[in-house]
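Commentary on secondary and tertiary structure
Chain by chain, the residues run as shown.
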Amino acid sequence: MFVFDIKRYAINDGPGIRITIFMKGCPLSCVWCHNPEGISSRKQKLYTKKKCIGCRTCVEACPEQALTLTPEGIVTDGARCTLCGICAEVCPALAMEISGTEYSAEALMKEIEKEIVFMDRSEGGVTFCGGEPLLHPGPLLDLLRRCGERGIHRAVDTTLFARPEIVRDVMDNCELFLVDLKQMDSAKHAKYCGVPNELILSNLRMVAEARHDFYLRIPLIEGVNADEENITRSAAFLASLPWEHRIVNLLPYHDIGKSKHEKLGTVYNPDRYAFAAPSDETLGRCREIFACYGIETTIGG
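Residues numbered from 1 in each chain as written. Predicted model: local features only at pLDDT ≥ 70, side-chain atom pairs only at ≥ 80, totals over all residues. Heavy atoms only, no water.

The next subject is the domain arrangement of the protein chain. As assigned here, the protein chain comprises domain 1 (2–40 + 101–299) and domain 2 (44–99). Opposite the 7 residues of domain 1 that make contact, domain 2 presents 7 residues. Between domain 1 and domain 2 lies a buried interface of about 640 Å² when both sides are counted; carbon and sulfur atoms form 51% of it. If you sort the residues of domain 1 by the area they bury against domain 2, Lys 24, Lys 263 and Leu 264 come out on top, with a joint share of 67%. Counting every contact that joins domain 1 to domain 2 gives 1 salt bridge. In this structure, Glu 97 engages Lys 263 in a salt bridge whose closest nitrogen and oxygen atoms are separated by 3.9 Å. At 3 residues, the largest contribution of residues to the side of domain 1 that touches domain 2 is made by helix α10 (residues 257–264). Among the residues forming the side of domain 1 that touches domain 2, the class breakdown is 2 nonpolar, 1 polar and 4 charged. (Domains from an automatic or database assignment. Contact = heavy atoms within 4.5 Å. Buried area = accessible area lost by both parts, 1.4 Å probe. Salt bridge = Lys/Arg side-chain N within 4 Å of Asp/Glu carboxyl O. Helix = DSSP H or I, 4+ residues; strand = E, 2+ residues; numbered from the N terminus. Nonpolar A, V, L, I, M, F, W, Y, C, P; charged D, E, K, R; others polar.)

Here's what the structure looks like:
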């Protein structure tokens, strides 16, 4: 299992101070994804051209002779590159990065256990994120059970796009789900996220009916899901669930993923959809609609 980031002292990934483990691999491909390096399950190389000082250290160190310095920066021959990571190790300007480090369960537990003192004092814990952690049910369940044995609060940040039996197994071994609700129309969900939404909505209802705790977030994007029809459908669906928390976190759109696509050598929003952050007026209207259905809203986080 590859991990592409470990964030310590996280305060927006569940209650208290947490350590968040980012697992590589996701079945969705949301156009606005702010962690595009988490979509592929494989190791990837990131290159930041503006950091490159043209010193040729990476070119000379590459054992496969896969790198060339050009006027446009370092060019990698994908047929030769083995993602050994030597270029990232020797780069004095940190222009090269390898996204994806293979961890054993034991190694990850050591990282998690380093944060126990902060978890205990703040009533925090560990959050498994992605990508999509449910894409790796075996390793995920192993880690959840190990954390449970240590009395560590466990949260899983998930799309819920997984087989129901996997969701049930994970639900039995964690205290909290963090779930995004992106778009109620399945065809639009497939258009912007790469998969339809029926399985996601079905699993969310299953989680709610099991009385399992979950936080619900909506990445709010003009041109995708901030319209009155979608917000009303979202509010009506959530109001129909046996859900005690009844708070939705609205996350206004940002394009932070754009710079990461540049580092990966991929294109952000290749179809040029007209995305925009919601206006104050739109945010106010959305909050009013949710309030009509008895659902509180917060902004950001």
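Moving on from the coordinates now.
Time to look at the layout of surface pockets. Its boundaries defined by the atoms lining it, the largest pocket holds a volume of some 970 Å³. Forming the boundary of the largest pocket are 38 residues, of which His 34, Asn 35, Asp 157, Asp 180 and Arg 217 lie nearest the centre. Counting only elements with at least two residues in the lining of the largest pocket, the list comes to β1 (2–10), β9 (153–158), β11 (214–220) and β12 (247–252). In terms of residue count, β1 provides more of the lining of the largest pocket than any other element does, 4 residues in total. For the lining of the largest pocket, a count of residues per class yields 17 nonpolar, 11 polar and 10 charged. (1 Å grid on protein atoms, 1.4 Å probe; cavity = no way out; pocket = protein on both sides within 12 Å on 5 of 7 lines; lining within 4 Å. Points joined across faces, edges and corners; volume = space filled by probe spheres on them.)

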